[in-house]
Amino acid sequence: MKQQSPDSVGKQLISEIQTLGQSQGLNTVFTTFLEISAVCLDAQFNLEHQEQQEAKYAAMTANMTPKELSSYAKMLALLYLEIRKYQDNPRDILGNVYHSLSLHNEWNGQFFTPDYLCRMMAELTGFVSEEDLKKKGYATIQDPACGSGAMFLAQVWAMKKKGMDFQTSYLFVGRDIDIRCVWMAYIQLCLYEIPAIVIHGNTLTMEEWSTWQTPYAPLPILAAQERKRQKSEVVPA
């Protein structure tokens, strides 16, 4: 499948990974970049995990040189800049980087669905779960094999196109058996400011090993509670 070509900032991110990958291997560098980024974001946004994630970060970086640490920091900064550029037009940045690095051979032949197909499916399938909206005040959108989160990004793209407020009415819940995919989805959903929970687990056996929640995940729940409170305060004439 042909992915969208990275632009200048995306190319800088790929170049930074390739440069460090010359000595350590592309797969190792990209995977380490994903884990460090996910751990740092989770430590910052989830106080319950902060101590655990800070300890993990310290262990991961203990033997890194200042140059290596600087390189990983630059990668995250470049990713952030790239995502900010597409904030109103979400696209799967990390999925494109993954394909540009030709890592599918090392990741057991995994391929991520390109943006244009995800967007087409998002527009065809719609979004609203009337039952959830009536019962809970918000709807949950789930993906049992979320990969890099491309389908969620496409759904948000379609919602933005229709002028819908995705942050207060929808909670995105993804699951994947590959922790690298979980990190990819979590990082992007965090930086795109999407209410989401990403679970590292097996959809078929329902086993779960870790949960990654963006700081925006409580928004639809809180908004539903506030709407319910306001409705209860309305006194009939």
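About the thresholds
Residues numbered from 1 in each chain as written. Predicted model: local features only at pLDDT ≥ 70, side-chain atom pairs only at ≥ 80, totals over all residues. Heavy atoms only, no water. Helix = DSSP H or I, 4+ residues; strand = E, 2+ residues; numbered from the N terminus. Rg over C-alpha atoms; globule rule 2.2 N^0.38 Å. Buried < 20%, exposed > 50% of the residue type's maximum accessible area, 1.4 Å probe, protein only. Contact = heavy atoms within 4.5 Å. Areas by Shrake-Rupley, 256 points an atom, 1.4 Å probe, with all protein chains shown as cover. Lys, Arg positive; Asp, Glu negative; His and termini not counted. Charge placed at Lys NZ, Arg CZ, Asp CG, Glu CD. Arc of directions from axis to C-beta. Axes fitted to C-alpha atoms, helices over the stretch in contact; angles between N-to-C directions. Parallel < 35°, antiparallel > 145°, perpendicular 65-115°, else oblique. Left-handed = near helix turned anticlockwise from the far one by under 90°. Salt bridge = Lys/Arg side-chain N within 4 Å of Asp/Glu carboxyl O.

**Topic: the overall build of the protein**
- Regarding its fold elements, the protein presents 11 helices and 4 strands.
- For the protein, whose C-alpha radius of gyration is 19 Å, the value lies close to the compact-globule estimate of 18 Å for 237 residues.
- The principal-axis extent of the C-alpha atoms belonging to the protein is close to 75 × 40 × 35 Å.
- Within the protein, the proportion of its 237 residues that are buried is 50%.
- Partitioning the intrachain contacts of the protein with sequence separation of at least 6 by distance along the chain shows that 71% fall at a separation of at least 24.
- When the accessible surface of the protein is split by element, carbon and sulfur atoms take 53% of a total near 12,200 Å².
- One way to put it: in the protein the 21 positive side-chain charges average out to a point 7 Å from where the 26 negative ones average out.

**A look at the environment of C181**
- Here C181 shows up in helix α10 (residues 179-191).
- Counting along the chain gives 35 residues from C181 to C146, while the straight-line C-alpha distance between them is 7.5 Å.

**Digging into helix α6 (residues 115-125)**
- Every buried residue of α6 is accounted for by D115, C118, R119 and A122. Buried residues along α6 cover an arc of 100 degrees about the axis, so they all sit on one side. Opposite its buried face, α6 presents the exposed residues Y116, L124 and T125, each directed more than 90 degrees away.
- Of the surrounding elements, those touching the buried residues of α6 are α5 (93-100) and α8 (150-161).
- Directly after α6, the chain includes G126, whose backbone phi takes a positive value near 80 degrees.

**Quick look at the packing of helix α1 (residues 8-24) against helix α2 (residues 26-45)**
- It is the contact of α1 with α2, at a shortest axis distance of 7 Å, that shows an interaxial angle of 125 degrees. For the element pair α1 / α2, the angle class is oblique. Crossing angle aside, the handedness with which α1 passes α2 is right-handed. Across the interface between the two elements, L13, I17, Q18, L20, G21 and Q24 of α1 pack against L26, T28, V29, F30 and F33 of α2.

**Looking at the pattern of salt bridges**
- Counted under the stated rule, the structure contains 8 salt bridges.
- In this structure, K85 and E82 form a salt bridge, with 3.5 Å as the shortest nitrogen-oxygen distance. Highlighted residues: K85 and E82, both in helix α4 (residues 66-85), separated by 3 residues, approximately one helical turn.
- When its relative accessible area of 43% is taken as the criterion, K85 is described as partly exposed.
- R84 is paired through a salt bridge with E193; the nearest N and O atoms lie 3.5 Å apart. Of this pair, R84 sits in helix α4 while E193 is found in the loop between α10 and β3 (196-202), placing the two residues 109 residues apart along the sequence.
- Since its relative accessible area comes to 29%, E193 is described here as partly exposed.

Any functional reading would require information that these geometric values do not contain.
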